[in-house]
Amino acid sequence: MKCSASTAAPPSVRGRPREFDPDEALAAALRVFWARGYEGASMAELTEAMGITKPSLYACFGNKEALFKKALDLYERDKLAYIGKALEAPTARGVAERLLNGAVATHCGDSDPHGCLGVISTVVCAAEADSIRADVIKRRASSEAAVVKRFEQARRDGDLPDSVCPTKLASCLTTLLQGLAVKAQGGAQPEELQGSIDTFLAMWPGR
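Calculation notes
Residues numbered from 1 in each chain as written. Predicted model: local features only at pLDDT ≥ 70, side-chain atom pairs only at ≥ 80, totals over all residues. Heavy atoms only, no water. Helix = DSSP H or I, 4+ residues; strand = E, 2+ residues; numbered from the N terminus. Expected span 1.5 Å × (residues − 1). Buried < 20%, exposed > 50% of the residue type's maximum accessible area, 1.4 Å probe, protein only. Salt bridge = Lys/Arg side-chain N within 4 Å of Asp/Glu carboxyl O. Axes fitted to C-alpha atoms, helices over the stretch in contact; angles between N-to-C directions. Parallel < 35°, antiparallel > 145°, perpendicular 65-115°, else oblique. Contact = heavy atoms within 4.5 Å. Nonpolar A, V, L, I, M, F, W, Y, C, P; charged D, E, K, R; others polar. Lys, Arg positive; Asp, Glu negative; His and termini not counted. Core = buried A, V, L, I, M, F, W, Y, C linked by side-chain atoms within 4.5 Å. Bend = angle between axes of the 7 residues up to and from the residue. Polar contact = N/O pair within 3.5 Å; in protein donor to acceptor, adjacent residues only side chain to side chain.

**Student:** Can you tell me about helix 8 (residues 130-156), naming the residues and giving the values?
**Tutor:** Between its first and last C-alpha, helix 8 extends 38 Å over 27 residues, near the 39 Å set by a 1.5 Å rise per residue. Every buried residue of helix 8 is accounted for by I132, D135, V136, R139, V147, V148, R150, F151 and A154.

**Student:** How would you explain the pattern of salt bridges if you had to name every residue and give the values?
**Tutor:** Under the counting rule described, the total for this entry stands at ten salt bridges. Between R139 and D73 there is a salt bridge, with its nearest N and O atoms 2.8 Å apart. Residue R139 is located in helix 8, and its partner D73 is located in helix 4 (residues 64-79); the two are separated by 66 residues in the primary sequence. One network of salt bridges, with partners in common, ties together D73, E76, D135 and R139.

**Student:** Describe the packing of helix 2 (residues 43-50) against helix 3 (residues 54-61), and please don't skip the residues or the numbers.
**Tutor:** In contact at an axis separation of 10 Å, helix 2 and helix 3 are set at 80° when each is read in the N-to-C sense. With respect to helix 3, the axis of helix 2 lies roughly perpendicular. Residue-level contacts link M43, L46, T47 and M50 of helix 2 to K54, L57, Y58 and F61 of helix 3. Partitioning the contact of helix 2 with helix 3 into residue classes produces six nonpolar, one polar and one charged.

**Student:** Explain the side chain of K64 to me, and be specific about the residues and the numbers.
**Tutor:** Mapping K64 onto the fold places it in helix 4. In this structure K64 is buried but unpaired, with E39 as the nearest side chain of opposite charge at 7.3 Å. Residue contacts for K64: discarding those within four places in its chain leaves F33, Y38, E39, A41, M43, L46 and Y58.

**Student:** Please provide a residue-by-residue account of the nonpolar core, values included.
**Tutor:** If you look at the biggest cluster of nonpolar residues, it comprises 63 residues, and the most contacted ones within it are F33, L46, M50 and F151. Examining the composition of this core, we find that nine residues originate from one element, helix 1 (residues 22-40), more than from any other.

**Student:** How would you summarise the side chain of T47 if you had to cite specific residues and measurements?
**Tutor:** On the secondary structure map, T47 appears in helix 2. Classification of T47 as buried rests on a relative accessible area of 13%.

**Student:** Report on helix 1, specifying residues and quantitative values.
**Tutor:** Between its terminal C-alpha atoms helix 1 stretches only 22 Å, short of the 27 Å expected from 19 residues at 1.5 Å a residue. At W34, helix 1 shows its largest bend, some 80°. Regarding helix 1, the residues found buried are P22, A25, L26, A28, A29, L30, V32, F33, W34, G37 and Y38. Between the side-chain oxygen at the start of helix 1 and the backbone nitrogen of D23 there is a gap of 2.8 Å, and the oxygen is on D21.

Below, the structure is given as structure tokens:
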């Protein structure tokens, strides 16, 4: 799929408008949103990074909100792929370990902005961006529900004690994951975050 880089060629230019790769443009937009948050990312920054004009952005991706949601889809598909793999771990503790280590690797990597796109955007969103916050929270709730379901299975399998509430354990894990993302965005080093992970796993409820 190709999109026109301008809605119309300038009067002095003949021929077809220059085309651009929407996948590459979306990946560029993701990096801007990830670094700046939804509200912190200006249209000027987005169009410059994407290499397109504002009319082209609207024509190909919709408005800024629609662009952000497409970028968030890409973020979940490419950057958060470790979540689905973590849920396949043979034990509940393994699930937690994979999620935590995957979060640190993603949020403290060398090639991408630090922190979590979802956390950054919900923390700084003002009232006019309520729909963005609601969408991010809905996605986060869906992920947490998948963890709860996995922990419920672990308790049925005897991998977790009957006294452990899967919902509360998943909430505790999610809280730590969000905390790691915030600290990563603030400049915390992987070694520091790993200490929090090790401490949490040392307290893991097991039979």
